[in-house]
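Coordinates in review
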Amino acid sequence: MSKTITISAEEISRQREYGEKAATLLYNKFSRKPRAFVHTYGCQQNVSDSERMKGMLMEMGFDFTEETEEADLILFNTCAVREHAENRVFGNVGALKKHKYKHGCIIILCGCMTQQQSVAEKIKESYPFVDILFGTRVIYRLPEFIYRHLSTEKRVFELGGEDSIAEGLPVRRDGEFKGWLPIMYGCNNFCTYCIVPHVRGRERSRSPEDIIAEAKDMIAAGIKDITLLGQNVNSYGKGEDHGVNFAKLLRMINDLDGDFQIRFMTSHPRDCTLELLDAMRDCKKVCRHLHLPFQSGNNRVLAAMNRHYDREKYLSLIKAARERIPDISLTSDIIVGFPGETYEEFCDTLSLVKEVRFTSLFTFIYSARKGTPAAEMPDPYTHEEKAKWMGELLKVQEDIAAERNAALVGKHLRVLCEEYHGDGKIFGRTSGNVGISFDGAPEMLGRFATVEVTKALNWILEGKIITLEE
Ligand code: SAH
Ligand code: SF4
Ligand code: F3S
């Protein structure tokens with residue numbers, strides 16, 4: 001039997017009732033259709049959560065605005081992954097104070113940062129203009145919190161709740177052609193530097209039926225690029241009795257009717273299987289891109305990070321991926337300056353980067369997170385030293401990316417026309433997730449085009465359109 005707790009349909013409809021009652025109070029308070037400003041920090045998981053919260057706000061009668069000055073409700077969905085992310089939130093929340101007292105809007109904080117007790121306490125004491133604060137486990141109760149605040153005029157703080165899955169929530173998607181599809185929540189890996197398992201709770205997977213139903217809705221709504229989301233998608237389905245693992249799920253979504261493409265993130269090398277790589281090879285709708293974070297190229301550091309693989313296993317996965325999909329585009333995350341990492345150990349990361357030749361990298365200087373084991377480890381190197389190493393890494397990668405992009409010149413690639421910036425240029429991404437821009441018009445949006453790469457700049461390609469599909 002599955003241990004996953006699913007929020008009952010009764011509870012979801014109870015929330016809808018709160019929403020209806022809140023809508024009346026909101027109209028009375030603001031004397032117009034209320035407007036919400038929602039800002040999301042952090043990863044796509046948060047973006048996806050915000051799309052569901054916007055769905056709930058929409059059902060409560062909200063319109064949306066990009067201007068805080070116009071907003072009757074301001075919601076920040078926060079991230080805790082690095083200190084810098086948290087400091088930005090504190091700064092931006094502080095700046096809302098005058099706005100609050102001038103306009104009397106409702107201010108809401110939620111997400112990974114507020115799930116931490118110490119942050120919630122700091123907000124409670126030092127930011128009295130924050131009206132509602134809640135954690136990652138009770139997002140589906142947003143209508144209830146707004147109703148409670150409006151009807152009692154008291155502040156609402158709620159960090160409790162169980163690790164659960166809430167189905168049947170409305171979604172207001174940010175993109176017309178590109179969409180996020182969460183397949184699982186939480187993380188069980190406890191990498192020693194990482195706050196995510198502490199703020200997002202234990203791993204739990206949505207049922208294949210719920211995922212397929214949402215994918216079908218997205219395809220019917222005209223979405224052409226679906227990104228499956230989870231902190232570790234490769235452990236999809238673990239602990240469930242339906243027997244569908246991530247490789248099987250990919251095949252099921254690939255088999256759905258319609259002209260769309262599939263991306264996914266993030267894959268953890270520990271659970272990346274040959275079965276998954278086989279599925280990627282076989283599934284024509286799955287993009288030729290694998291984001292496989294390795295964090296460090298040194299085995300001592302990897303063990304201290306609790307990553308459960310070593311350099312050799314990582315390289316063997318890369319080899320297996322390239323054997324199956326020769327033109328696969330590989331990207332990764334790297335942490336520079338994990339506590340105690342020496343320059344020699346960092347050089348193993350550099351050599352791995354040179355050996356694999358990634359398309360692009362997300363690189364981070366280690367940031368201590370309170371409550372994680374790494375925060376207790378001796379960390380003798382200064383930020384300046386680590387920043388210098390980072391500079392070296394970026395230089396190496398810049399040259400590799402430039403060479404890889406230059407090798408694409410002259411190739412014909414299939415690209416989804418994603419954005420039009422009003423300057424006669426369309427922006428899209430290759431199957432390998434490299435940005436490309438080419439001449440075009442707004443009516444091309446949402447269609448696939450074959451584009452010839454004409455020029456390689458540092459981070460983006462330029463191209464010219466060869467054919468446009470219907
Ligand atoms: N679940 C994903 C990563 C989620 S966090 C995975 O395991 O691959 C995204 C990235 O942030 C991580 O891959 C890591 O490189 C970085 N990161 C996480 N915690 C960090 C910390 N304390 N300091 C610096 N970077 C960190
Ligand atoms: Fe963090 Fe590791 Fe989980 Fe990724 S796998 S979210 S890095 S604990
Ligand atoms: Fe940040 Fe939470 Fe994502 S900590 S990176 S928003 S899971």
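Given the structure is predicted, the values throughout are model-derived calculations rather than measurements. (Residues numbered from 1 in each chain as written. Chains lettered and ligands numbered in written order. Predicted model: local features only at pLDDT ≥ 70, side-chain atom pairs only at ≥ 80, totals over all residues. Heavy atoms only, no water.)

1. Notes on the overall build of the protein
- Looking only at helices and strands, one finds 14 helices and 21 strands in the protein.
- In terms of overall dimensions, the protein is globule-like: its C-alpha atoms have a radius of gyration of 23 Å, near the 23 Å expected for 470 residues.
- Its C-alpha atoms give the protein principal-axis dimensions of roughly 60 × 60 × 50 Å.
- The buried share of the protein, reckoned over its 470 residues, is 54%.
- Across the protein, the fraction of contacts at a sequence separation of at least 24, relative to all contacts at a separation of at least 6, is 74%.
- Accessible area of the protein: about 20,300 Å², with a carbon and sulfur share of 51%.
- Charge centroids of the protein, computed over 63 positive and 68 negative side chains, lie 1 Å from each other. (Helix = DSSP H or I, 4+ residues; strand = E, 2+ residues; numbered from the N terminus. Rg over C-alpha atoms; globule rule 2.2 N^0.38 Å. Buried < 20%, exposed > 50% of the residue type's maximum accessible area, 1.4 Å probe, protein only. Contact = heavy atoms within 4.5 Å. Areas by Shrake-Rupley, 256 points an atom, 1.4 Å probe, with all protein chains shown as cover. Lys, Arg positive; Asp, Glu negative; His and termini not counted. Charge placed at Lys NZ, Arg CZ, Asp CG, Glu CD.)

2. Remarks on a negative patch on the surface
- A surface patch of negative charge is lined by Glu66, Glu67, Glu69 and Glu70.
- Of note, Glu66 is situated in the loop between strand 3 (63-64) and strand 4 (73-78). (Patch = residues over 30% accessible without salt bridge, like charges linked within 9 Å, V, L, I, M, F, W, Y side chains within 5 Å. Salt bridge = Lys/Arg side-chain N within 4 Å of Asp/Glu carboxyl O.)

3. Looking at the environment of Asp49
- Relative to the helices and strands, Asp49 is located in helix 2 (residues 44-59).
- The spatial distance from the C-alpha of Asp49 to the C-alpha of Trp180 is 9.7 Å, given a sequence separation of 131 residues.
- Excluding its chain neighbours within four sequence positions, the residues that come into contact with Asp49 are Asn77, Ile139, Tyr185 and Arg200.

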